[in-house]
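Per-entry structural report
Each chain is listed here by its residues.
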Amino acid sequence: MEQVKTTVKREEIFIGIDEKVPPVQNFLYGLQHVFVSNVWLDPIFVGAMIGLPLSLSANIVNAIFIAAGLVTLIQATKLVRLPIVQGPSAAFDSLMITVGKANGLAQAGGGILFSAIIIFLLSVTGVISRLKSLFTPAISGTVILIVGVALSGFTFYEFLGGSPGMPGFASPTTLMMSIPTALIVILLSTLGKGKWRSFAFLIALIVGDVLAVILGQTDFGKIAEKSWFGLPHFFPYGVLQFHFDTFVMFFVAYIVAIIEAMGVYQAGAEMTGVDLSDRRIRNGFAGEAVGSMVASVIGGFPTTAYGQNVGLLRLTGVASRFPVIIAGIIFLILGFVPKAGAILALTPDAVVGGLFLPASASLIFTGISILSKMRMTDANLMISGLSLVMAIALPSAFSGYKGILGTFLSNSVLVGTLTAIILHIILITLPGWFGRKDIA
């Protein structure tokens, strides 16, 4: 079966996966990963959509930081050993909102926990690693490309200051923060050399925040409201509940998140020249499952590998695991020190959008790069092309639908990934059983 070749482009990466850098640089590179991942945005968005009180919303943010920190730290040091940041997957956002509104987050937590337990068992027994044959360039490249496109929608929401009709949408103040931030990243990551390139995101972040202060868009009062030390509460929404229909929804979303993460692993391995062995895959997914179990108990979201941080590797040329380890430590500090998290959250959405814009563009290019390695057969072209069409066009058609069907069909990553898998089974796997090896 056709697989992604793990070859590294040396002109793109100049700090290798196991290369150590001076402590100060290491910290700053790690800080870039923290800001590009923005793991706190998902819980804030979901909490606002459900209408959670401030105390529960704050608990979600703390829980997300702790789960993301633990899994990032363990993955980078012991398990998958790739420079990949872990955090809450956007594939679960619509499910969390739908279930949270209808039945409460205790039921969502039950679905997350039982799904994570099954994924953990499938990982440690090696069942998931046997599915590696599914992850051809046609599927992996398509999924990464779809994730990049999905991220671009969120990016422009932040970049433009919301949507039409909202205060500040595409206002001069908003654009005076987002455009310079994006331009600095683009120029430094493409034309800069050495430290200028490797610190492109951090330099852009500092400039964007300074502009925000000058324009009066920074609310320092949020810092005073937060305490210095805090612990997440166990079962903050009550005892976890198991409902079969909710479990099925989360389990399917979890499978999609795994395929998305597999694409991120492959992209990270290709960029760093690492052999993505079955053991790395098995360890990586087991670690993500454990992180999701922990998150469900303390009120967080499922954890998965973040594609935008792979885009950061390409743009900055820094592919070392050690800054990612620092990022994991920073997440843990933010989880136990709410005031530190409030400082991080001072960065306005427009500046975040400016950082995300080139990161999502790089992620899209990574998907295209993987697709360029697939054999240009009719089957592969149909898998990739139709999956992209479905992911882009179908969600808008079902955006007004409610319930399980609306939740699934309005999620571009879910739609595109499931389409790619189903088409692969129909067009390649089944004909292969009957001796048709020429169509893959």
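This one's a predicted model, so the numbers in the text were calculated from it and none came from an experiment. (Residues numbered from 1 in each chain as written. Predicted model: local features only at pLDDT ≥ 70, side-chain atom pairs only at ≥ 80, totals over all residues. Heavy atoms only, no water.)

So, about the overall build of the protein. In terms of helices and strands, the protein carries 19 helices and two strands. In the protein, which comprises 440 residues, the proportion classed as buried is 58%. When contacts within the protein are restricted to residue pairs at least 6 apart in sequence, long-range pairs at least 24 apart make up 84% of them. Only carbon and sulfur atoms are counted for the fraction: they give 71% of the accessible area of the protein, which is about 17,700 Å². (Helix = DSSP H or I, 4+ residues; strand = E, 2+ residues; numbered from the N terminus. Buried < 20%, exposed > 50% of the residue type's maximum accessible area, 1.4 Å probe, protein only. Contact = heavy atoms within 4.5 Å. Areas by Shrake-Rupley, 256 points an atom, 1.4 Å probe, with all protein chains shown as cover.)

Once that is clear, we can look at the packing of helix H13 (residues 307-316) against helix H16 (residues 349-371). Relative orientation of the contacting elements H13 and H16 amounts to 90°, with a least axis distance of 8 Å. With respect to each other, H13 and H16 are oriented roughly perpendicular. Across from Gly307, Gln308, Gly311, Arg314 and Leu315 in H13, the residues of H16 making contact are Phe356, Pro358, Ala359, Ser362, Leu363, Phe365, Thr366 and Ser369. (Axes fitted to C-alpha atoms, helices over the stretch in contact; angles between N-to-C directions. Parallel < 35°, antiparallel > 145°, perpendicular 65-115°, else oblique.)

Time to look at the pattern of salt bridges. Counting across every chain of the model gives two salt bridges. Here Asp18 ties to Arg321 by a salt bridge, and the two come within 2.9 Å at their closest N and O atoms. With Asp18 in the segment before helix H1 (23-37) and Arg321 in helix H14 (residues 321-336), the pair connects residues that are 303 residues apart, well separated along the chain. Judged by its relative accessible area of 49%, Asp18 falls in the partly exposed class. Residue Arg321 is classed as buried on the basis of its relative accessible area of 6%. The partner of Glu270 in a salt bridge is Lys373, and the shortest N-O contact between them spans 2.6 Å. Here the residue Glu270 occupies a position in helix H11 (residues 244-272), and Lys373 occupies one in the loop between H16 and helix H17 (378-397), the gap between them amounting to 103 residues. (Salt bridge = Lys/Arg side-chain N within 4 Å of Asp/Glu carboxyl O.)

Helical geometry: 3.6 residues make up each α-helical turn, so side chains three or four residues apart lie on a common side. End to end, helix H7 (residues 172-191) covers 27 Å across 20 residues, agreeing with the expected 28 Å (1.5 Å per residue, within 8%). Within H7, the full set of buried residues consists of Thr174, Met177, Ser178, Thr181, Ala182, Ile184, Val185, Leu188 and Ser189. Seen along its axis, H7 keeps its buried residues to an arc of 150°; they face one direction. Structural note: H7 exposes Pro172, Thr190 and Leu191 on the side pointing more than 90 degrees away from its buried face. Looking at the buried side of H7, the elements it contacts are helix H6 (137-159), helix H8 (195-198), helix H9 (200-214), H13 and H16. (Expected span 1.5 Å × (residues − 1). Arc of directions from axis to C-beta.)

Right, let's get into the packing of aromatic side chains. Using the criterion set out here, one finds eight aromatic pairs in the structure. Aromatic rings pair up to connect Phe114, Phe242, Phe244, Phe247 and Phe251 into one cluster. Taking NZ or CZ as reference, Arg321 lies 5.2 Å from the ring centre of Phe322, over its face. (Phe/Tyr/Trp six-rings, centres within 6.5 Å; stacked < 30°, edge-to-face > 60°. Lys NZ or Arg CZ within 6 Å of the ring centre and 35° of its normal.)

On average, the protein scores 82 in pLDDT, and the residues at 70 or more come to 89%. This stretch, residues 1-11, has a pLDDT under 50; its non-local contacts, to residues over four places away or in other chains, come to 36 contacts. (pLDDT = per-residue confidence, 0-100.)

Remark: H6 packs on H16, axes separated minimally by 8 Å, with the N-to-C direction vectors making an angle of 165°. Taken as axis vectors, H6 and H16 run roughly antiparallel relative to one another. The handedness of the crossing between H6 and H16 comes out as left-handed. (Left-handed = near helix turned anticlockwise from the far one by under 90°.)

Moving on to the environment of Leu52. Of note, Leu52 is situated in the loop between helix H2 (41-50) and helix H3 (54-77). You can call Leu52 buried: its relative accessible area is 18%.

A few words on helix H19 (residues 412-433). Taking 1.5 Å per residue as the helical rise, H19 with its 22 residues ought to reach 32 Å, and the 31 Å between its terminal C-alpha atoms agrees with that figure. Where H19 terminates, the next one or two residues include Gly435, which has phi positive at roughly 90°.

Okay, the side chain of Asn62 next. Note that Asn62 resides in helix H3. Residue Asn62 is classed as buried on the basis of its relative accessible area, which comes to 12%. Other than its neighbours up to four places away in sequence, Asn62 contacts Leu334, Gly335 and Pro338.

Once that is clear, we can look at unusual backbone geometry. Within the chain, Ala170 stands out as a residue other than glycine whose phi angle is a positive 55°. For Ala170, the position within the fold is in the loop between H6 and H7. Backbone geometry at Phe235 places phi at a positive 50°, although glycine is not the residue there. Checked against the element boundaries, Phe235 lands in the loop between helix H10 (221-225) and H11.

The next thing to look at is a nonpolar patch on the surface. A cluster of nonpolar side chains, namely Phe114, Ile117, Leu121, Val124, Phe242, Phe244 and Val248, defines an oily patch on the protein surface of about 610 Å² accessible area. For the nonpolar patch, the secondary structure elements donating two or more residues are helix H5 (105-124) and H11. No other element matches H5, which puts four residues into the nonpolar patch. (Patch = residues over 30% accessible without salt bridge, like charges linked within 9 Å, V, L, I, M, F, W, Y side chains within 5 Å.)

A separate point is the environment of Leu418. With respect to the secondary-structure elements, Leu418 resides in helix H19. When the C-alpha positions of Leu418 and Ala391 are compared, they lie 9.6 Å apart, and in sequence the two are 27 residues distant. Excluding its chain neighbours within four sequence positions, the residues that come into contact with Leu418 are Val252 and Val256.

As a further point, take the side chain of Ser292. Checked against the element boundaries, Ser292 lands in helix H12 (residues 278-298). Overall, Ser292 belongs to the buried group, its relative accessible area being 0%. Excluding residues within four positions of it along the chain, Ser292 makes contact with Ile112, Ala116, Tyr254, Pro302 and Thr303.

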